[in-house]
Amino acid sequence: MCLGIPMQIVEIDNFMARCQAKGVERDVSLFMLQHETIAVGDFVMVHVGYAIQKMSEQEALSTWELFDEILSLEDAALQATPQ
Amino acid sequence: MSLSSQQWLDKIHALPLRKPVKIMNVCGGHERAITLSGLRTALPKLIELIPGPGCPVCICPEEDIYAAIQLAMQDKVILVAFGDMLRVPVNVAKHDIRSLEQAKAAGADIRPIASPLEALKIAAQNPTREVVFFAAGFETTTAPVAALLAQGVPENLFILLSGRLTYPAVAMLLDSEDAGFNALVAPGHVSAVMGSDEWKFVVEKHQIPAAVAGFTAESLLAATYSVLRQLLEEKYFLDNCYPQVVSGTGNHTAQQYLQETMQVVDAPWRGVGVIPQSGFQLRNTQQDARLHFTDYASVARKRAGEMPAGCDCAKVVLGKLYPNQCKLYGTACTPRSPVGPCMVSDEGACRIWWAGGLRNE
């Protein structure tokens, strides 16, 4: 549950933002980033639906890469689990 | 320019290490990245990477899960919880309901959620029902719960809070006679919220090198290299190897909401016991499920609060034992039929090791 996912902001409506990560869209609260200036196109680290920090595009992209790797490894290992 | 994983590994292998080094991490996300990118086998043999108390589901009090099950069994209640919590078994007699998942199968209205925002939505959509949000988690999860409360919630939403702080468990280990590690990789996202300064005590009070890491292999290797160099040079400082997201003082807005809506109290950790000033308690008693629902009986049970019989999760959580040293690992306990919480949660060391293909010793 505490896995952070970098997402890019697509749309902002008050404290809520539509964000995307690799084609998947989610509503994300910006309530904890009121001290920041946030704009469409920015990247944020999202935890359980709340943006906790702004981040750079480069950092977001390298984290996405890592997740792809982890997910494919985990899928393979869990499928190999005996019944 | 930042270095690649291979460059970091080369630098680590070039260090004149003579003695074994035990580096603890306290974050399920770190342990996942370490295990699944195979860092352990790539590092010099003298370096041990130990998964410590980094899984909130694993240390969530058994009594709280039991209470959540009892509340969920009431007709008027909709219970919402993070999906990870549903399969954690409690200690009850053989034919009693032992998890939220079993309670759901028996007809309880239990809904797994991925965000506190969903709890809000469910409460708003069901004004005639009482919605209980079983909120277990570390600072990264508890801060959003605080933000939710600060923003205002409907009267029919109640919180069963099991929020915990990460650093007091590390402080407890370091204050004990045998901490079991001589360097720390501090959690990236907990630090993003609370600030990396929170971990300075490790260096200043205990003279243990520490570095905050992110979740890529590069960041974890940078932190590993940093603590190794600190050990070799005997100059200790808190290094921030995740400056892209972490600052010394963290997210002030998040901290303000935590402060406004919750207070820090002594709190029990499953299988570990009470850790001073390690838990969050709601300030607003109206929203507190523990105070609103007085009609669920806390009956005396055998092994209440403990880990399941034969399960070594308590030792795994504290980094005293590796997952595959537990005799249930991979035999009675697998991700398909978990016995202990460390095999249930995506952040539990046992589940991570199993997913990483590590089998019994």
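Now for a look at the structure at hand.

About the thresholds
Residues numbered from 1 in each chain as written. Chains lettered and ligands numbered in written order. Predicted model: local features only at pLDDT ≥ 70, side-chain atom pairs only at ≥ 80, totals over all residues. Heavy atoms only, no water. Core = buried A, V, L, I, M, F, W, Y, C linked by side-chain atoms within 4.5 Å. Buried < 20%, exposed > 50% of the residue type's maximum accessible area, 1.4 Å probe, protein only. Helix = DSSP H or I, 4+ residues; strand = E, 2+ residues; numbered from the N terminus. Contact = heavy atoms within 4.5 Å. Polar contact = N/O pair within 3.5 Å; in protein donor to acceptor, adjacent residues only side chain to side chain. Pairing = 2+ DSSP bridges. Axes fitted to C-alpha atoms, helices over the stretch in contact; angles between N-to-C directions. Lys, Arg positive; Asp, Glu negative; His and termini not counted. Salt bridge = Lys/Arg side-chain N within 4 Å of Asp/Glu carboxyl O. Disulfide = S-S within 2.5 Å.

### Digging into the nonpolar core
All names here are of chain B. In terms of nonpolar packing, the biggest core is built from 162 residues, with L79, L100, F133, F134 and L184 touching the most fellow members. If you tally residues by element for this core, the top one is helix 12 (residues 217-233), at eight residues. Setting aside chain neighbours within four positions, we find L184 in contact with M24, V26, V170, W199, V202, I208, P209, A210, A211 and V227.

### Structural notes on the environment of E25 of chain A
All names here are of chain A. Locating E25 in the fold gives a position in strand 3 (residues 24-29). In this structure E25 comes out as partly exposed when scored by relative accessible area, which is 35%. Between the C-alpha atoms of E25 and Q8, which are 17 residues apart in sequence, the distance is 9.3 Å. Among the polar contacts listed, one links the side chain of E25 to the side chain of R18, at a separation of 2.9 Å.

### Thoughts on the sheet that holds strand 9 (residues 238-240) of chain B
Residue and element names in this part refer to chain B. Here we have five strands laid out as an open sheet, ordered 2-1-7-8-9, and parallel in their pairing. Both outer strands of the open sheet, strand 2 (47-51) and strand 9, are each paired with one neighbouring strand and no more. Taking each pair of neighbouring strands and ignoring which way they run, the sheet shows an average axis angle of 20°. The strands touched by helix 2 (residues 28-36) are strand 1 (21-25), strand 2 and strand 7 (183-186); relative to strand 1, the strand with the most contacts, the crossing angle is about 125°.

### Things to note about the side chain of D312 of chain B
Residue and element names in this part refer to chain B. Tracing the chain through its elements places D312 in the loop between helix 14 (289-292) and helix 15 (313-317). Comment: no salt bridge for buried D312; closest opposite-charge side chain is K315, at 4.1 Å. Discounting chain neighbours no more than four positions away, the residues touching D312 are L321, C326 and K327.

### Details of the state of the cysteines
Residue and element names in this part refer to chain B. Considering all chains together, one arrives at one disulfide over all chains under this definition. Residue C55 pairs covalently with C58 via a disulfide, S to S 2.2 Å. For the disulfide bridge between C55 and C58, the dihedral angle about the S-S bond is near 75°, and by the sign convention the bridge is right-handed. With respect to class, C55 is no different from C58; both count as buried. Not engaged in a disulfide, the cysteine C333 finds its nearest cysteine sulfur in C350; these two sulfurs lie 6.3 Å apart. With relative accessibility at 8%, the residue C333 sits in the buried group.

### Observations regarding the sheet that holds strand 5 (residues 130-137) of chain B
Residue and element names in this part refer to chain B. Taken together, four strands build an open sheet; the order of strands is 4-3-5-6 and the sheet is parallel. Edge strands, defined here as strands with exactly one partner in the open sheet, are strand 4 (110-113) and strand 6 (157-163). Across the sheet, the axes of successive neighbouring strands diverge by a mean angle of 20°, strand direction being ignored. The sheet contact formed by strand 5 and strand 6 spans seven bridges and is parallel. Note on strand 6: the bridge partner recorded for F134 is L160. Of the strands in this sheet, strand 3 (77-82), strand 5 and strand 6 touch helix 8 (residues 139-151), which is tilted by about 145° from strand 5.

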